[in-house]
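Commentary on secondary and tertiary structure
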Amino acid sequence: MAAASGTNDLSSDMELDAFRRLFPLRFHERHLLESIRPDGRPLGRARDTTLSLGAVASANGSALAKIGCTTMLAAIKLEVMIPIAEAPDEGCIAIDFHMPPICSPLIRPGRPAEVAPVISKQLSDTILSSGMIDLKELCLVSGKAAWMAYLDIYCLDADGALFDAALLSAVAAFSHLQIPVVSLNDNGRIVLMSEENGENGGSMKKKEPVNKEKIKLKLNSQPFSLTCVLHKNYILADPTFEEESIMETYLTITLDTNFQLVSLNKPGGPGLASTSAIQDCIILARQRVKELQQILNEAISDMEVD
Amino acid sequence: MNVEREGGRGANQLRPMDCSRNVLSRAHGSASCSHGETKVIAAVFGPKSGTKKNENPEKACIEIIWKPKTGQIGKPEKEFEMILKRTLQNICLLTIHPNTTTSIIVQVAHDDGSLLPCAIHATCAALVDAGFPLKSLAVAICCCLTENGHIILDPSKLEEQKMKAFVCLVFPSSVNSVLPEGSTDASAKSTEQGIITSLTRGVMTVDDYFHSVEQGRAAVTPLSNILRKKMQSQFASNLSKAS
């Protein structure tokens, strides 16, 4: 009976949905035979990606990234801290990834998701080791004050390829980051210079801003990633949550804008990855880096027009 | 081409490896594995009935608990737990005992570099000791990339911290050594072993990555023979004790 409803594609909607729920692997494999996926994409294409900068007005830098239905909100807050003795002219970045219960029916309040700390650590490793940000740019006064950047990424909708969307939103938030102008107080402390200081009340001395030139961070090669699912001989780029849970073997490749490999992460799974499969995934990742770079540049230029 | 390493090791030379089973009396299976100074102890409890929520009840469930040597459990431990669990999903026959949970506790006794491969070898030996059904064993190796592009295997902690980049690879242990002598040549050339798990840290070129994979694959065959010998010799001594 199952075979009959599978071959009969003109069956009513109810039977198709039932087949999708009861035999998910066969449902997907029937699509893969025609080199297409249930949402109509060819195997190597990622979902539609949109990026909007400045989503959180109160943060120093923020971005909202959507890859298909997966939505990530990244926000950066800056705080002044005393740099550590071993690196007196370097700032610090703290990256945290949260999966609140809103993102998926499988996550309950009070029971944190298992993937959240793993993705948090992977993001932290990728961003710090890619060399995108030179920590020396976050220095204010050598040995006494430096910026501590708290990057928080919230998953609002978890529909597969979480790491890709999170990394994209983090990179976009750093591109949007505006470091506020500060000056050195008489007590030797850093204070924010607000715009109202323009009117000279006479009692307030005009303070020298410490970092007048540095408003935006200069980003070296930015990392972008692509997750691919390996199933038999098929490689599916940018899986949805349904595809990830059925075909459990995935591979995440992060390349920077110079096409150097920042990270290649295949965390086990029932399938093996041959060298040719990895090479195909790297080719798909290269295309994706070009697409994402273009999307990011368009988003930045849209912001500047405003 | 010569890379200077502490202790005069060659670039492709691995540290002395030791693996012993049945080190704990209360666990259903246990093993301890050491690569040079790095030492990891693994204990297996199970299968126990019932699976956790959100896990497939048609298959056995594996739960890993990773305990670091010092400090509280944080994100790095959770990452190791996930990687180990998914690596074991590849080598274990999960359909033999459906709706059960097997707990594996991994305790790091000393970390001197190459921690994940050591843990994987200890876990495989503990599963063998517990009699858990496995498709094959897993063999793991760590490679480091130096500033001038040389690849060195099995780095110590100091070497790991100085290196530009670092790759950790896990391969299935080849079945060729089980087959009789005559048939090995034909099948060995046709099947190239796929990678179960691959983890990289640090920026490297794509070509460097593939060179590391080749070097790792070449080094893994003698390593898997050593592992198998260690486990076999103990099994033989257990049998003689029983008789």
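Since the model is a prediction, treat every value here as computed from it, not as a measurement. (Residues numbered from 1 in each chain as written. Chains lettered and ligands numbered in written order. Predicted model: local features only at pLDDT ≥ 70, side-chain atom pairs only at ≥ 80, totals over all residues. Heavy atoms only, no water.)

Attention shifts here to the packing of aromatic side chains. Throughout the structure, instances matching the rule amount to 3 aromatic pairs over all chains. Consider the rings of W66 of chain B and F80 of chain B, whose centres lie 4.4 Å apart with planes at 15°: the pair is stacked. Taken together, the positions of W66 of chain B in strand β4 (residues 61-67) and F80 of chain B in helix α1 (residues 75-91) put the pair 14 residues apart, joining distant regions of the chain. By the burial criterion, W66 of chain B is buried, and F80 of chain B matches it. Over the ring of F23 of chain A we find R26 of chain A; its NZ or CZ atom is 5.2 Å from the centre of that ring. (Phe/Tyr/Trp six-rings, centres within 6.5 Å; stacked < 30°, edge-to-face > 60°. Helix = DSSP H or I, 4+ residues; strand = E, 2+ residues; numbered from the N terminus. Buried < 20%, exposed > 50% of the residue type's maximum accessible area, 1.4 Å probe, protein only. Lys NZ or Arg CZ within 6 Å of the ring centre and 35° of its normal.)

Below, the discussion takes up the UniProt feature "domain: Exoribonuclease phosphorolytic" (unreviewed entry) in chain B. In the numbering adopted here, UniProt assigns the feature "domain: Exoribonuclease phosphorolytic" (unreviewed entry) to residues 13-133 of chain B. Its end C-alpha atoms 32 Å apart, residues 13-133 of chain B is made of 27% helix and 35% strand. (UniProt positions renumbered as here; feature names shortened; annotations may be inferred.)

Moving on: the state of the cysteines. Residue and element names in this part refer to chain A. Under the criterion given, the structure shown has 0 disulfides over all chains. Of all cysteine sulfurs, the one in C92 lies closest to C139, which takes part in no disulfide; the gap is 13 Å. By relative accessible area, C139 is classed as buried at 10%. (Disulfide = S-S within 2.5 Å.)

This part takes up the pattern of salt bridges. Counted by the stated rule, this structure contains 23 salt bridges over all chains. A salt bridge links D159 of chain A to R47 of chain A, with the shortest nitrogen-to-oxygen separation between them at 3.5 Å. Here D159 of chain A is found in the loop between β6 (145-157) and α5 (162-176), whereas its partner R47 of chain A is found in the loop between α3 (24-33) and β1 (49-53), with 112 residues between them in sequence. Between R21 of chain B and D129 of chain B there is a salt bridge, and its shortest N-O distance comes to 3.0 Å. You can see R21 of chain B sitting in strand β1 (residues 17-21) and its partner D129 of chain B sitting in helix α2 (residues 115-130), a full 108 residues away along the chain. (Salt bridge = Lys/Arg side-chain N within 4 Å of Asp/Glu carboxyl O.)

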